[in-house]
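Chains, contacts and geometry: an overview
Chain by chain, the residues run as shown.
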Amino acid sequence: MNQYVTGAVIRKLREKHKMTQLQLAQKLGVTDKTVSKWENAKGYPDITLLEPIAEVFRVSITELLSGSPVYNANVSANMLRSIFYVCPVCGNVIHSLGEAMVQCHGLLLSPLEAEQTDEHHMIFIERVEDEYYVRIDHSMSKAHHISFIAAVSSDDVQIVKLYPEGAAEARVRMRGVRRICFYCNRDGLFFIDPIKGIDDKESGYDHSSERRELEEAAKALYERCPSQ
Ligand SMILES: [Fe+2]
C-alpha cells in the first residue's frame with residue numbers, strides 16, 4: 001500500500017474534535033500511550049482499527065488514508081459524477097462514483113480528467129433507432145488506440161471495452177445518455193455531450209421514439225380537426 005493513516009492525520013482529526021489522546025484511546029480500546037505513539041510516528045494503528053478510527057472522526061476510510069477530506073459530492077450517487085481510472089500497465093478500467101484509492105499493478109491510480117475532444121480524437125455519433133452508434137476516428141494499433149467508450153447517463157454507465165486492431169466503435173442505448181467518454185491509451189480521457197456530436201445525416205431529423213410519438217399525436221390531432 002502506498003499510503004496508510006499517518007500520525008499527523010490522527011492528531012489533526014483528534015484536535016479538530018477537541019479530544020484528548022486519552023479520550024480517543026478510550027473510544028478505541030487502546031491506551032493513551034498507544035495514541036501518542038501513532039501521533040509521534042512511532043507506530044501505526046493496526047488495520048482492524050481503521051474502521052473504528054474513521055467512525056470516531058466521522059470520516060471515510062479513504063479520507064483517513066489520504067489525509068484530506070473528501071467533500072461528499074456523491075450523496076445522490078449520480079452516475080454523471082462518474083470517475084474513471086485506467087491502469088497504465090494492464091489497461092484495466094475501473095469506474096467509481098466518487099473518489100477512491102484505486103490500485104492496480106502496485107500503482108496508485110489517479111482519477112482521469114476528461115478533456116473536450118480535439119482534432120486528433122474526433123468522435124462521430126449517429127442515432128440508429130434507440131441507440132447511438134459511436135465511432136472514433138483514431139488509430140487502433142497496439143501502441144496507440146482507444147481502449148474503451150463509456151456512455152454516461154444520470155442512472156447508468158455503459159462501458160464498451162475496445163481492443164487494438166479492432167474497430168474504434170460501439171453501440172450504446174441512447175436513453176438518458178448525457179455524456180460520452182472514450183479513452184486513448186496515449187492521450188487520455190475525452191468527452192463529448194452527444195447532442196453536440198450527433199452526425200445527423202438527414203438534416204437534423206430527430207428519430208427518437210419520443211419525437212415520433214409526438215408527431216403521431218400531432219397528426220392524429222390534425223386529422224380530427226382538419227379545419228385548423
Ligand atoms: Fe490518441
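Look up: the structure comes first, before these words.
Treat the numbers as computed from the prediction; the structure is a model and nothing was measured.

**A closer look at the packing of aromatic side chains**
Considering all chains together, one arrives at three aromatic pairs under this definition. Measuring from ring centre to ring centre gives 5.4 Å for F84 and F148, while their planes differ by 45°; the resulting arrangement is tilted. In this pair, F84 sits in strand β1 (residues 83-86) while F148 sits in strand β8 (residues 146-153), placing the two residues 64 residues apart along the sequence. Site record: aromatic cluster; members linked through ring pairs are F84, F148 and Y183. Against the face of Y163 rests K161, its NZ or CZ located 5.1 Å from the ring centre. When the ring centre of F191 is taken as reference, the NZ or CZ atom of R179 above it lies at 3.8 Å.

**Digging into the sheet that holds strand β7 (residues 131-137)**
The strands making up a sheet associate through hydrogen bonds between their backbones, and the pairing can be parallel or antiparallel. Here we have three strands laid out as an open sheet, ordered β6-β7-β10, and antiparallel in their pairing. Bordering the open sheet on either side are β6 (122-128) and β10 (169-173), each of which pairs with just one other strand. When strand polarity is set aside, the average angle formed by the axes of neighbouring strands in this sheet is 25°. As paired elements, β6 and β7 share seven bridges and run antiparallel to each other. Each residue of the ladder has a partner; that of E126, found in β7, is Y133.

Parameters at a glance
Residues numbered from 1 in each chain as written. Predicted model: local features only at pLDDT ≥ 70, side-chain atom pairs only at ≥ 80, totals over all residues. Heavy atoms only, no water. Phe/Tyr/Trp six-rings, centres within 6.5 Å; stacked < 30°, edge-to-face > 60°. Helix = DSSP H or I, 4+ residues; strand = E, 2+ residues; numbered from the N terminus. Lys NZ or Arg CZ within 6 Å of the ring centre and 35° of its normal. Pairing = 2+ DSSP bridges. Axes fitted to C-alpha atoms, helices over the stretch in contact; angles between N-to-C directions.

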